[in-house]
Amino acid sequence: MLRRAGGRRHGPAAPRARELNHRWFAARRAGRPFTTLHLAQSLDGRIAAADGTSQWITGAGAREHSHAVRARAEAIIAGTGTILADNPRLTARTPDGTPAARQPLRVVMGHREVPASAAITDGPGYVHLREHDPAAVLADLAGRGIDHAMIEGGASIATAFLAADLVDEIWLYQAPLFLGSGRHAIADLGITTLAEATRFRYDDRGGPAHQLLGTDAVLHLEPTPTSRPETVTEHERTR
Ligand SMILES: NC(=O)c1ccc[n+]([C@@H]2O[C@H](COP(=O)([O-])OP(=O)(O)OC[C@H]3O[C@@H](n4cnc5c(N)ncnc54)[C@H](OP(=O)(O)O)[C@@H]3O)[C@@H](O)[C@H]2O)c1
């Protein structure tokens with residue numbers, strides 16, 4: 001259709017188009033699905049309280065947003081830890097609770113058994129991959145024709161994908177509360193000094209990079225093209 005309408009692959013906007021889609025193209029070149037990491041956390045970066053409760057850290061507006069992101073993904077990945085702690089359905093639902101028209105494949109990652117009574121086993125589109133290697137999970141999903149996978153957590157899974165540089169975008173839902181103790185969103189990434197930080201930048205190319213939804217801040221991030229630290233600003237130099 002584009003060709004018939006006079007579209008060109010190498011027009012003057014090609015560099016901008018490549019920049020706009022650079023993470024998508026990188027995922028396609030690697031032959032793996034594009035990945036979206038979902039994090040819903042407290043001000044002190046925690047995704048669950050000391051007793052394991054995490055429903056709900058964020059409010060209805062943020063949850064509605066994350067269900068819309070789920071409905072765009074073709075697969076949702078969670079670890080056995082989250083399945084056993086929260087018993088989530090991991091379906092995409094509309095604000096009134098009805099299932100969205102499009103449902104992602106629900107994927108559990110880890111060696112432990114998922115009980116037959118777990119909510120995730122109910123309904124079509126569920127697979128349990130007895131794996132710890134994020135790359136192997138993505139390769140399996142690519143083999144199923146999946147182009148976009150969302151990582152719903154918990155901390156161990158999120159950390160494993162980040163450590164393997166297999167996160168293409170993040171939707172971060174930041175709730176205005178402290179938990180003081182409990183599970184951190186991300187565990188040890190093996191970073192010992194600031195220069196080694198895994199850096200992301202705000203991404204406003206598909207909509208606002210930050211917004212308030214009800215009580216929560218919602219941030220959209222992508223990895224910086226290089227892992228090198230940004231140039232220090234004049235403010236930082238003179239501080
Ligand atoms: N706030 C939120 O948005 C949110 C979202 C999700 C979860 N949570 C909370 O997170 C907590 C669970 O966190 P979690 O870290 O225990 O759960 P998790 O990341 O869901 O699952 C961890 C388990 O997955 C398996 N696993 C698979 N691949 C792994 C890898 N590469 N590295 C390590 N383990 C791997 C291991 O179990 P096996 O022995 O079975 O292999 C591990 O114990 C719960 O309290 C839950 O409520 C919060």
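Right above here is the structure, for reference.
Being a predicted model, the structure only gives us computed values, none of them experimental.

**Student:** Lay out the nonpolar core with the relevant residues and their values.
**Tutor:** If you look at the biggest cluster of nonpolar residues, it comprises 36 residues, and the most contacted ones within it are Leu39, Ile76, Ile77, Ala149, Ile151, Ala158 and Phe161. A total of five residues in this core trace back to one element, the largest contributor, which is helix α6 (residues 155-163).

**Student:** Let's hear about the environment of Pro95: which residues, and what values?
**Tutor:** Note on placement: Pro95 falls in the loop between α4 (80-86) and β3 (105-109). Between the alpha carbons of Pro95 and Arg63 there is a distance of 8.8 Å; along the sequence they are 32 residues apart.

**Student:** Outline helix α3 (residues 60-72), listing residues and values.
**Tutor:** Because each turn of an α-helix spans 3.6 residues, side chains separated by three or four positions in sequence point in the same direction. With 13 residues, α3 ought to run about 18 Å at 1.5 Å a step, and its terminal C-alpha atoms sit 19 Å apart, in line with that. Regarding α3, the residues found buried are Ala62, Arg63, Ser66 and Arg70. For α3, the angular spread of buried residues about the axis comes to 95 degrees, placing them on one side. As for α3, its buried residues are in contact with β1 (34-41), β2 (75-79), β5 (148-153), β6 (169-174), β8 (210-213) and β9 (216-223).

**Student:** Just give me the short version of unusual backbone geometry, but keep the residues and values in it.
**Tutor:** Cis geometry marks the peptide bond from Gln55 to Trp56; its omega dihedral reads 5 degrees. Mapped onto the fold, Trp56 is located in the loop between β1 and α3. Put simply, Gly153 and Gly154 share a cis peptide bond, and its omega is 5 degrees. Relative to the assigned elements, Gly154 resides in the loop between β5 and α6. Even without being a glycine, Asn87 presents a positive backbone phi close to 50 degrees.

**Student:** How would you explain the environment of His184 if you had to name every residue and give the values?
**Tutor:** Mapped onto the elements of the fold, His184 is located in the loop between β6 and β7 (200-202). His184 sits in the partly exposed class, given 18 other C-beta atoms within 10 Å. Between the C-alpha atoms of His184 and Asp165, which are 19 residues apart in sequence, the distance is 19 Å. Residues within four places of His184 in sequence aside, it is in contact with Gly45, Arg46 and Ala155.

**Student:** Talk me through the environment of Met109; I want residue IDs and the actual numbers.
**Tutor:** Here Met109 shows up in strand β3. Judged by local crowding, Met109 falls into the buried class, with 27 C-beta atoms found within 10 Å. With 48 residues separating them in the primary sequence, Met109 and Ile157 have C-alpha atoms 8.1 Å apart. When neighbours within four sequence positions are excluded, Met109 is seen to be in contact with Ile77, Gly79, Leu129, Glu131, Val137 and Ile157.

**Student:** Any chance you could break down the pairing of β3 for me, citing the residues and the numbers?
**Tutor:** Buried residues dominate β3, accounting for four of its five residues. In the sheet, β2 pairs with β3 via five bridges, with the strands oriented parallel. The residue bridging Ile76 from the neighbouring strand is Arg106, located in β3. As judged from the four bridges shared by β3 and strand β4 (residues 126-129), these two strands associate in the parallel manner.

**Student:** I'd like a description of the pairing of β8, backed by residues and values.
**Tutor:** Direction of pairing for β8 relative to β9: antiparallel, over a ladder of four bridges. Bridge pairing in β9 places His210 opposite Leu219. Linking β8 back to β9 in an antiparallel pair, the connection comprises two residues, with Gly214 at a positive phi of about 60 degrees.

The rules behind each value
Residues numbered from 1 in each chain as written. Predicted model: local features only at pLDDT ≥ 70, side-chain atom pairs only at ≥ 80, totals over all residues. Core = buried A, V, L, I, M, F, W, Y, C linked by C-beta atoms within 7 Å. Buried ≥ 20, exposed ≤ 12 C-beta atoms within 10 Å, placed from the backbone. Helix = DSSP H or I, 4+ residues; strand = E, 2+ residues; numbered from the N terminus. Expected span 1.5 Å × (residues − 1). Arc of directions from axis to C-beta. Contact = placed C-beta atoms within 7 Å. Pairing = 2+ DSSP bridges.

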